[in-house]
Amino acid sequence: SGSRYFCVPASSKRAPMQCLPCIPAGALQSLLVPYTRADVVHEEKAIPEQNDGTNSTTISRAGSADSLLKDSDQQDRLKSLETIEVQPAIEQHGGAHLLRRAQTDVSSASSVQRRRFSLARRFTAHDSFGDGLVFDEVIAECWPALRKFMEDYVLIGIVEPTLKRLVGSWVHFETCFLGDLAPNILGAKSTRVSRKAKNATSGECERTVELAFDFKLNATEIDVLLYLGPGLNLRVTRVKISGTICLELRDFLGELPLLSGMGLYFMNPPEVSISFAGLGGLARVLEERLTFAQQIIEKQLANQLVVPNRMAVHIASSVSYYSLRHPRPDGLLDLHIAGVSELQTLGLASSGITCCKRHESWSLRLELRLGAQTWSTPKATSDTSNSAHWGTSCTFFVDKQHGQSMTIELVSSGSLLGISDTVLGLVRMSVAQLSDDEGEDSTWDIEKKHGISVVEIAGQPSITLNASFHPLYRGHTLEEASNMCKLRDGTCGVLVVILDCVRDLDLSSDGWYVECVLKLGDVEMQTWRVVAKQMTPDDLGAAGEKLKFLLSKDHSAGDAAWMLGLQEGDVAAVKRGSIAATFRQELRLRLHDPMHETLTLELRVGPRSPYPIARHRFLMSDLLHRERWQLPMAERRFGEVLRPGKFLAGGSLGLPSCVLSLQILGVAQAS
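First, a word on scope: everything that follows refers to the structure included in this document. The model shown is predicted, which means the values in this text are computed figures rather than measured ones.

This part is about the pattern of salt bridges. Tallied over the entire structure, the rule returns 26 salt bridges. Here Asp 504 and Arg 637 are joined by a salt bridge, their closest N and O atoms 2.7 Å apart. In this pair, Asp 504 sits in strand 21 (residues 493-505) while Arg 637 sits in strand 29 (residues 630-637), placing the two residues 133 residues apart along the sequence. A salt bridge links Glu 602 to Arg 604; the nearest nitrogen and oxygen atoms lie 2.9 Å apart. Each member of the pair, Glu 602 as well as Arg 604, is classed as buried. One network of salt bridges, with partners in common, ties together Glu 515, Lys 519, Arg 529, Glu 602, Arg 604, Arg 615, Arg 617 and Glu 640.

The following block contains the structure:
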């Protein structure tokens, strides 16, 4: 039992034998059989005791259970245990019938023990960890939750509104079910990250372990039906997703529940592909639209599964839910793209793309991707030396410096070639590799894209760039803002906006589309487009049923929130039946002049195309005067009404409200 092992020796007359008449036959079997069969977790070897000189035997643990069966001496010992001399002790207490029943139970238990031994080896033997069996079963248990996240949050919550906006307002998912077949785990590895905790005073650190799994999903038994119009239903027959998915265990504690929370995310964009069927002969007619819809679905799926987006499970209060769901980025990657050389070795003519004469030029661009971020250089033309030059700069947010990778694709523009854009080659490099260059120019060879032939000419096509990694820091005073480092594109800080939801919309807006637009300087960023609905107790998770009961007894929102450990604002919104739109989205904007910049948050609502109804402004200079340069998560009313009295809920101030937090992060010197 556990780590304790007992054996009843043949010559012993100790207390366990004196109690045999009181033990049923089944219980006697459970005492004897475990030590006559190798169904134990580890190898058990019978070792004679040397302490008291008696013929008693103990069981010790070592090695694997297989060797126990192969050792003939041990087999003899185990057989002797099967014929253990319990008869005198039993007959002494008038239990002869008990002996016969025990012997029958021992002989009939062999098949049961073999099954139990097989089950024990499956989960405990050392050689069972190589095939990833345990990880497959863990992912199988997690798959229903991950599947629901992809169906409700990604496909219906994000992909469908995007299709409505870009393809047509009538497009929607009739059914959305990704099947019961769980993904496969092909391998696993782990890393450990320790960072200084917020309340650390003497070197105290937050202990975090990150498990990375080689993830592969090939879902065919699915039910996903996309409505394109009357009589036009497009069925998704296959969804393939492969990449590295990470399980992060955050902040181990010295007391129960031992762990503060968990996060699930893809470190780098997964490879996503989908297959369609169901339109018959119309597929060719609608080929261009189908291809466009397919690209939207694949791109949105990949973007919403990769950092900074993630699933979060909040367990203990030592780490807040928002820091689990939206941890701050590690830093900024500052890139300067010089150009591409040795283009003649790509062999465009032999690839059937074009044949460039001596004075003709190619129209090229570079497409860079890191996580969910993408950026393209302007178009450039090659010169007579078969090179293209840009001399442009850009910055990327880095969430995981130790594991994220950047992909750079060399694309030929279709405007001059008369065909669609073609990827000629690509370069993959890790952020850690780029950070090691210490701001010096580096050259990276271009890998040929599949289908593009390479001409046997001396030289290798390559990209020349300059990269430096700048950590981000949180300040406490206005004076610390002067220490911000200005990057090549003028960025000196980052504004992180976490928008949880918008509440107190008009009752008529139930079922309408809601979005927010953030404006900072010349930059405009738009949130996801989500659907507004009335809040219910079920929106607050597992405490929903208890909250229904408390509100039915006319408890105040404050009392109910205190008893259930919920936020009073959330309970109050449920109690008044607020119409809300939930975003739970993080947006990052670059700051160039924090002392003079203003963030404008604009709320848009509408049945089809949302239009502005309210607005609120935040001064960055006010934020720099706050502790940690942070405006904590709280509910705030919009300050300016653009359409008075038409879409407002008539709350305490007659204005809609938003639940959000703001924080400024400064750019430090390159590390």
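Moving on, there is more to tell.
The next thing to look at is the side chain of Thr 395. In this structure, Thr 395 sits in strand 15 (residues 388-398). Judged by relative accessible area, Thr 395 falls into the buried class, the value being 7%. Here the side chain of Thr 395 touches Asp 489 through a polar contact of 3.3 Å, side chain to side chain. Within the structure, Thr 395 has its side chain in polar contact with the side chain of Arg 590 (distance 2.7 Å). Beyond its immediate sequence surroundings of up to four residues, Thr 395 is in contact with Leu 333, Asp 334, Leu 487, Asp 489, Thr 491 and Arg 590.

To continue, consider the nonpolar core. The biggest cluster of nonpolar side chains holds 46 residues, and the ones touching the most others in it are Met 150, Leu 163 and Ile 241. Those residues in contact with Met 150 that sit more than four places away from it in its chain are Trp 143, Leu 155, Leu 178, Ile 241, Leu 301 and Leu 305. Within the second largest apolar cluster, 39 residues are counted, among which are Cys 516, Leu 518, Val 530 and Ile 579.

Looking now at the pairing of strand 8 (residues 259-266). Where burial is concerned, most of strand 8 is hidden: 7 out of the 8 residues are buried. With 7 bridges connecting them, strand 7 (residues 232-252) and strand 8 associate as antiparallel partners. Pairing of Cys 246 across the sheet is with Tyr 265, part of strand 8. What sits between the antiparallel neighbours strand 7 and strand 8 is a turn of 6 residues, in which Leu 258 has the positive phi angle 75°. Two strands pair when backbone bridges link them, and strand 8 and strand 10 (residues 311-314) are joined in this way by 4 bridges, in the antiparallel orientation. Pairing of Leu 264 across the sheet is with Met 311, part of strand 10.

Attention now moves to helix 14 (residues 544-552). Restricting attention to buried positions, one finds in helix 14 the residues Gly 544, Leu 547, Leu 550 and Leu 551. On an axial view of helix 14, the arc spanned by its buried residues comes to 120°, and they lie on one face. Exposed residues lying more than 90 degrees from the buried face of helix 14 are Glu 545 and Lys 546. One or two steps after helix 14, the chain reaches Asp 554, where phi turns positive at roughly 60°.

Parameters and conventions
- Residues numbered from 1 in each chain as written.
- Predicted model: local features only at pLDDT ≥ 70, side-chain atom pairs only at ≥ 80, totals over all residues.
- Heavy atoms only, no water.
- Salt bridge = Lys/Arg side-chain N within 4 Å of Asp/Glu carboxyl O.
- Helix = DSSP H or I, 4+ residues; strand = E, 2+ residues; numbered from the N terminus.
- Buried < 20%, exposed > 50% of the residue type's maximum accessible area, 1.4 Å probe, protein only.
- Polar contact = N/O pair within 3.5 Å; in protein donor to acceptor, adjacent residues only side chain to side chain.
- Contact = heavy atoms within 4.5 Å.
- Core = buried A, V, L, I, M, F, W, Y, C linked by side-chain atoms within 4.5 Å.
- Pairing = 2+ DSSP bridges.
- Arc of directions from axis to C-beta.

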